[in-house]
Amino acid sequence: PKPNGDSTAMLMKSYACQRRTPLKHHNSFLTEALEILAQNAEYNDNEGRSVAFRRAASVLKALPRRVRSMQDLRWLPCLGDHSQRVIKEILEDGSSREVESTRQSEQYQVMKALTGIFGVGVRTADRWFREGLRSPDDLIRTGQQLNREQQAGVQYYDDLQKPVTKAEADVISDMVEKAVHAVLPGAEIQLMGGFRRGKEVGHDVDFLITHPEEGKEEGLMPKITNWLKEQGLLLYQKTTRNSYLEKMDGPARASSNMDRFERCFSIFKLQKSAASCKSSSAASAEDVSTGRESEGPAEHHPEASGWRAVRVDLVVSPYSQFAFATLGWTGSKLFERELRRWAGQEKHMSLSSHALYDSKQNLYLRAKTEEEIFAHLGLEFIPPSERNA
Ligand code: DCP
Ligand code: MG
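Below: a short report on this structure. Computed from a predicted structure; not experimentally measured. (Residues numbered from 1 in each chain as written. Chains lettered and ligands numbered in written order. Predicted model: local features only at pLDDT ≥ 70, side-chain atom pairs only at ≥ 80, totals over all residues. Heavy atoms only, no water.)

1. Some points on the overall build of the protein
Each helix and strand in the protein was counted, giving 18 helices and 10 strands. By residue count, 46% of the 389 residues in the protein fall in the buried class. At a minimum sequence separation of 6, the contacts of the protein that also span at least 24 residues come to 71%. Here the protein has roughly 19600 Å² of accessible surface; of this, 48% comes from carbon and sulfur atoms. (Helix = DSSP H or I, 4+ residues; strand = E, 2+ residues; numbered from the N terminus. Buried < 20%, exposed > 50% of the residue type's maximum accessible area, 1.4 Å probe, protein only. Contact = heavy atoms within 4.5 Å. Areas by Shrake-Rupley, 256 points an atom, 1.4 Å probe, with all protein chains shown as cover.)

Below, the structure is given as structure tokens:
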């Protein structure tokens with residue numbers, strides 16, 4: 001029989017890690033709306049609701065064609081009543097009142113602006129919102145207590161708001177490679193996050209670093225950041241233990257290796273290329289001719305300078321954990337979340353960026369590649385470009 005919409009829907013798997021989700025899909029008109037409601041639920045500290053909307057959106061991203069009627073949704077998993085109501089309204093009227101009023105609401109817009117500051121989470125942004133603060137400028141004006149990270153976030157706000165292009169990520173990759181090889185020849189560097197999934201822009205650039213000889217990676221992060229600092233390439237950096245350590249649900253942490261997992265949140269100083277430099281010097285000449293004054297030394301004027309600030313995340317992993325770290329830092333966030341849920345609920349296993357633990361057998365399952373981890377989990381291998389759940 002000829003394949004129809006129903007057969008596609010009936011075959012749709014319910015965990016995102018069981019499905020192929022390409023970067024470009026046919027239902028952005030619906031998924032963008034559902035993701036606004038997901039984002040808003042997050043701002044209101046309602047994680048369950050947020051994940052429900054994200055799962056619904058993700059199912060629509062995996063469909064091979066545009067949704068035209070509610071009939072097309074029969075048999076699809078993960079579509080709750082609320083998501084269906086929203087979809088129905090958009091299909092019938094072209095937009096959803098709830099989505100549009102959320103988009104327009106002051107709380108949504110302010111929370112978006114404030115959580116958009118590097119170092120500011122939902123809790124802090126919500127407190128500021130309730131105190132009447134509305135923008136990064138308000139924070140400076142009212143003399144808010146900011147930590148070092150947030151100070152950098154405010155200082156480079158305009159630059160960090162601008163998406164990072166793949167071309168810029170490639171230039172940063174060269175910088176990171178130079179730094180890493182200067183302090184540890186033979187180390188391996190991999191581009192992670194959205195760019196590994198094939199995205200053309202991102203909010204930051206993520207890297208995973210390791211060395212084939214286990215132990216050589218110890219103490220590597222400070223050497224890398226010192227080298228970058230000496231070259232004047234770092235505007236900000238803070239190195240911490242990987243946050244997955246604290247969040248790891250599962251059994252007691254085993255190997256002492258895990259404590260070596262380090263993450264560096266940084267801001268790089270990226271020189272603009274000859275081409276983009278030309279356009280920015282034209283812009284600054286215009287500023288001069290209109291007599292615009294400098295507003296003080298603390299602020300960085302993106303258009304007037306020959307460089308821009310870019311958020312970069314560096315992670316160092318021991319070689320034995322490299323496959324887990326690779327899988328854990330490729331994303332998307334929902335794909336990662338679904339992998340962990342699948343492992344726990346369906347396989348009685350606990351997956352982190354460090355290891356995979358099998359509770360039934362009471363042992364850690366080793367893996368040298370991502371393919372081996374999918375196999376341990378009883379999942380078909382999904383390549384990075386189809387993990388855009
Ligand atoms: N990650 C995760 N859970 C988090 C944070 C990160 O699973 N709470 C993983 C999955 C992400 C990867 O780390 O894909 C990188 O995190 P980013 O926030 O940089 O996400 P992306 O790179 O996917 O998106 P963007 O293009 O916005 O940078
Ligand atoms: Mg990223």
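So that's the structure; there's more coming.
2. So, helix H16 (residues 322-330)
Most of H16 is tucked away, with nine of its nine residues classed as buried. All of the buried residues along H16 are Phe322, Ala323, Phe324, Ala325, Thr326, Leu327, Gly328, Trp329 and Thr330. Downstream of H16 by one or two residues, Gly331 has phi in the positive range, about 80 degrees.

3. Examining the packing of aromatic side chains
Scanning the entire structure with this criterion turns up seven aromatic pairs. Ring centres 5.6 Å apart and planes at 85 degrees place the aromatic pair Phe118 and Tyr236 in the edge-to-face group. One end of the pair, Phe118, is in the loop between helix H6 (106-115) and helix H7 (122-130); the other, Tyr236, is in strand E5 (residues 234-241), with 118 residues separating them in the sequence. Here the two residues Phe118 and Tyr236 agree in accessibility, since each one is buried. The cationic tip of Arg66 hangs over the ring face of Phe29; the distance from NZ or CZ to the ring centre is 4.0 Å. (Phe/Tyr/Trp six-rings, centres within 6.5 Å; stacked < 30°, edge-to-face > 60°. Lys NZ or Arg CZ within 6 Å of the ring centre and 35° of its normal.)

4. Some words on the coordination of the magnesium ion (ligand 2)
Here the magnesium ion (ligand 2) is held by the protein donor atoms Asp204 (OD) and Asp206 (OD), which lie 2.0 to 2.2 Å from it. On the accessibility criterion, Asp204 (7% relative accessible area) is buried. (Donors = N, O, S within 2.8 Å, 3.2 Å for Na, K, Ca; no water.)

5. Regarding the nonpolar core
In this structure, Leu34, Leu60 and Leu76 are the most contacted members of the largest nonpolar core, which totals 38 residues. For this core, the secondary structure elements donating two or more residues are helix H2 (28-43), helix H3 (47-61), helix H4 (81-93), H6 and H7. With seven residues, H2 is the single largest residue contributor to this core. Sequence-distant contacts of Leu34, defined by excluding residues within four places in its chain, comprise Phe53, Ala56, Ala57, Leu60, Ser83, Val86 and Ile87. One finds Ile172, Phe207, Trp227 and Leu270 within the second-largest nonpolar core, a separate group that totals 27 residues. (Core = buried A, V, L, I, M, F, W, Y, C linked by side-chain atoms within 4.5 Å.)

6. Description of the sheet that holds strand E9 (residues 356-358)
Taking strand neighbours across the sheet as the criterion, the three strands line up as E8-E9-E10 in an open arrangement whose pairing is antiparallel. Of all strands in the sheet, those with a lone pairing partner are strand E8 (349-351) and strand E10 (363-364), marking the two edges. (Pairing = 2+ DSSP bridges.)

7. Topic: the packing of H3 against H4
Two elements in contact, H3 and H4, have axes whose closest approach is 10 Å; the angle formed by their N-to-C orientations is 55 degrees. What the angle tells us is that H3 and H4 run oblique. Here the hand of the crossing between H3 and H4 comes out right-handed. In contact with Arg49, Phe53, Ala56 and Leu60 of H3, H4 contributes His82, Ser83 and Ile87. (Axes fitted to C-alpha atoms, helices over the stretch in contact; angles between N-to-C directions. Parallel < 35°, antiparallel > 145°, perpendicular 65-115°, else oblique. Left-handed = near helix turned anticlockwise from the far one by under 90°.)

8. Points about the pattern of salt bridges
The final tally for this structure, using the stated rule, is 25 salt bridges. Among the salt bridges present, the one from Glu149 reaches Lys238, with a minimum N-O distance of 4.0 Å. With Glu149 in helix H9 (residues 148-155) and Lys238 in strand E5, this residue pair connects regions lying 89 residues apart in the sequence. Given the relative accessible area of 33%, Lys238 is considered partly exposed. If you follow the salt bridges from partner to partner, you end up with Arg20, Glu380 and Glu386 in one network. (Salt bridge = Lys/Arg side-chain N within 4 Å of Asp/Glu carboxyl O.)

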